[in-house]
Amino acid sequence: LKPKTGSASRTALEAKVGMNRRQFGAASLAFLPVTTAAVADSWAAASPAKPLLEDLELSRSKLDSIPGLLENQEWDAVRTILKTPPVNFLWNMGDSKNPVLQLAKATDEYDLVELKDDIAISLQMCDQLTYDNVFLPFQPGNGKIKIKEPQELAIKAMKQIDDAIRMAKDAM
């Protein structure tokens with residue numbers, strides 16, 4: 001069977017749609033700016049920065065308990081928070097997984113790159129001092145368990161993360 005061609009098929013199209021091909025094409029173009037704007041808005045709403053920001057906010061909330069855990073000398077609980085996702089992505093999983101660096105790229109807010117390093121140092125030192133309390137409390141030095149120092153570093157990291165969240169939100 002061959003498809004119908006010629007005026008008979010045009011008449012069928014005109015009968016179904018109420019216009020010929022040229023009229024249909026011209027009418028379709030009238031909706032193009034509206035459709036393009038709607039698609040652009042949906043792409044903006046699906047920004048790659050949003051899930052990164054959510055991860056950063058989750059990391060921040062997980063750090064809230066660390067000063068109290070340190071006060072109670074719950075070293076394993078502190079280290080578990082620091083060494084598991086999403087917190088560990090902030091300091092010991094490399095730049096490819098660091099949400100602050102990814103936010104810097106997604107938002108073009110490159111002051112976040114420096115802040116990424118500051119957060120990493122604070123969390124790394126908090127972890128190191130916590131580790132030292134578990135495994136090295138009687139090594140050379142004053143031999144005391146350190147609670148104040150890792151608490152200060154955890155609080156500093158939380159403030160730095162708060163700054164990163166604010167900067168990212170301002171840039172979005």
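Residues numbered from 1 in each chain as written. Predicted model: local features only at pLDDT ≥ 70, side-chain atom pairs only at ≥ 80, totals over all residues. Heavy atoms only, no water.

In this section: the overall build of the chain. Check the secondary structure of the chain and you find nine helices and zero strands. Buried residues in the chain amount to 31% of all 172 residues. Restricting the contact set of the chain to residue pairs at least 6 apart, pairs at least 24 apart contribute 66%. Element-wise, carbon and sulfur atoms account for 57% of the exposed surface of the chain, whose accessible area totals about 11,100 Å². (Helix = DSSP H or I, 4+ residues; strand = E, 2+ residues; numbered from the N terminus. Buried < 20%, exposed > 50% of the residue type's maximum accessible area, 1.4 Å probe, protein only. Contact = heavy atoms within 4.5 Å. Areas by Shrake-Rupley, 256 points an atom, 1.4 Å probe, with all protein chains shown as cover.)

What follows covers the pattern of salt bridges. One pass over the structure, following the stated rule, counts eight salt bridges. Taking the shortest distance from any N to any O, the salt bridge between K116 and D117 comes out at 2.7 Å. Its relative accessible area of 35% is what places D117 among the partly exposed residues. In this structure, the salt-bridge partner of E152 is K148, at a minimum N-O distance of 3.9 Å. Residue E152 and its partner K148 are both found in helix α9 (residues 148–171); the two are separated by four residues, about one turn of the helix. Taking relative accessible area as the criterion, K148 reaches 55% and is therefore assigned exposed. Taken together, the shared-partner salt bridges connect R60, D64 and D162 into one network. (Salt bridge = Lys/Arg side-chain N within 4 Å of Asp/Glu carboxyl O.)

Here the focus is unusual backbone geometry. In the segment running from P85 into P86, the intervening peptide bond is cis, with an omega of 0°. Tracing the sequence through the fold places P86 in the loop between α6 (75–83) and α7 (99–107). If you check the backbone angles, Q73 has positive phi at about 60° while not being a glycine. For Q73, the location among the structural elements is in the loop between α5 (66–71) and α6.

A separate point is the confidence of the model for the chain. Per-residue confidence for the chain gives a mean pLDDT of 83, with 69% of residues at or over 70. Mean pLDDT per element in the chain: helix α3 (residues 32–45) is the minimum at 50, and α5 is the maximum at 97. (pLDDT = per-residue confidence, 0-100.)

Compared with an ideal rise of 1.5 Å per residue, which puts 15 residues at 21 Å, helix α4 (residues 49–63) spans 21 Å between its outermost C-alpha atoms and is within 8% of the ideal. Looking at α4, one finds that the buried residues are A49, L52, L53, L56, S59, R60 and L63. All buried residues of α4 project into a common sector of 120° when viewed along the axis, lining one side. Residues of α4 that are buried in the fold lie against α5, α6, α7, α8 (111–135) and α9. (Expected span 1.5 Å × (residues − 1). Arc of directions from axis to C-beta.)

Moving on to the nonpolar core. Counting 35 residues, the largest nonpolar core has L63, I66, L82, L112 and L123 as the members making the most contacts within it. The element contributing the most residues to this core is α9, with nine residues. In this structure, L63 is in contact with I81, L82, V87, L123, M158 and I161, ignoring residues within four places of it in sequence. (Core = buried A, V, L, I, M, F, W, Y, C linked by side-chain atoms within 4.5 Å.)

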